[in-house]
Amino acid sequence: MGDLKKLNIGYKFIIYLTIGILTTASITLMFFWWIDTSVQILLEQYIYNLDTINDTERFGKVSLDHIGIVKSLEINMMGIVWPLRAIMTYFFSKKKLQ
């Protein structure tokens, strides 16, 4: 009878662990998706044209006051895509909550 209770507790632990992992993974994916989407929204608001080839056409309608911000957003957007960035952060992050 004692082994049956231990087995039941083990199953509950595995279920709760799975639910916790799925919940935190989905929150992480939504967070990184929103980061990527917000950068695209900001670039649209600064009238940045991503469809062109050269920098002159891309930054043509951006005001001179905002070029530095738009360049930093462009650099943030380039690189690895957001799902890969989220997966790498989820599994390899060493940051501790304080």
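Before reading further, recall that the structure is shown in the block above.
First things first, this report covers the structure right here in the doc.

The rules we used
- Numbering of residues begins from 1 in every chain and follows the order in which that chain's sequence is written.
- Local features in this predicted model are restricted to residues whose pLDDT is 70 or higher, and side-chain atom pairs enter the listing and the counts only when it is 80 or higher, whereas totals over whole chains, interfaces and linings include all residues.
- Excluding hydrogens and water, the side-chain figures rest on all heavy atoms present in the structure.
- Joining through side-chain atoms within 4.5 Å is the link that ties buried Ala, Val, Leu, Ile, Met, Phe, Trp, Tyr and Cys residues into a set, and such a set is a nonpolar core.
- For each residue, the accessible area found with a 1.4 Å probe, counting protein chains only, is set against the maximum for its type, and the residue is called buried under 20%, exposed over 50%, and partly exposed in between.
- Counting from the N terminus, the helices are DSSP H or I runs at least four residues long and the strands are E runs at least two residues long.
- Should any heavy atoms of two residues lie within 4.5 Å, those residues are considered in contact.
- Patches here are clusters of residues that have more than 30% relative accessible area and form no salt bridge, with a 9 Å joining cutoff for like charges and a 5 Å cutoff for nonpolar side chains (Val, Leu, Ile, Met, Phe, Trp, Tyr).
- Exposure was quantified through the Shrake-Rupley algorithm and a 1.4 Å probe, taking into account, for residues, occlusion by the shown protein chains and nothing else.
- Any carboxyl oxygen of Asp or Glu that lies within 4 Å of a side-chain nitrogen of Lys or Arg is treated as forming a salt bridge with it.
- Only Phe, Tyr and Trp rings take part, Trp by its six-membered ring, and two of them pair if their centres are within 6.5 Å. Stacked means planes under 30 degrees apart, edge-to-face means over 60, and tilted covers everything else.
- To sit over a ring, a charge needs its Lys NZ or Arg CZ within 6 Å of the ring centre and within 35 degrees of the ring normal.

**Focus: the nonpolar core**
- In terms of nonpolar packing, the biggest core is built from nine residues, these being Val 39, Leu 43, Tyr 48, Phe 59, Val 62, Ile 67, Val 70, Leu 73 and Met 77.
- Considering each element in turn, this core owes the most residues, four residues, to helix 3 (residues 67-77).
- Dropping the residues within four chain positions of it, Tyr 48 is found in contact with Leu 43, Arg 58, Phe 59, Val 62, Val 70 and Glu 74.

**Observations regarding a nonpolar patch on the surface**
- Where nonpolar side chains cluster on the molecular surface, the patch consists of Tyr 11, Phe 13, Ile 14, Ile 15, Tyr 16, Leu 17, Ile 19 and Ile 21 and spans about 870 Å² of accessible area.
- Here Ile 15 is to be found in helix 1 (residues 2-45).
- Among the residues examined, Ile 15 registers a relative accessible area of 48% and is labelled partly exposed.

**What about the packing of aromatic side chains?**
- On inspection of all chains with the given rule, the structure shows four aromatic pairs.
- Relative to Trp 34, the ring of Trp 33 lies with its centre 6.1 Å away and its plane at 50°, an arrangement referred to as tilted.
- Judged by relative accessible area, which is 43%, Trp 33 ranks as partly exposed.
- A relative accessible area of 46% means that Trp 34 is categorised as partly exposed.
- The side chain of Lys 71 reaches across the aromatic face of Phe 59, ending 5.7 Å from its centre.

**Overview of the side chain of Glu 74**
- Position of Glu 74 relative to the elements: it lies in helix 3.
- Every residue in contact with Glu 74, bar those within four places of it in the chain, is listed here: Tyr 48, Arg 58 and Phe 59.

**Details of unusual backbone geometry**
- A positive phi angle, near 60°, is found at Ile 47, a position not held by glycine.
- Along the polypeptide, Ile 47 turns up in the loop between helix 1 and helix 2 (55-58).
- Overall, the relative accessible area of 45% leaves Ile 47 in the partly exposed class.

Note that every value here comes from positions in space, so none of it alone points to a role or purpose.
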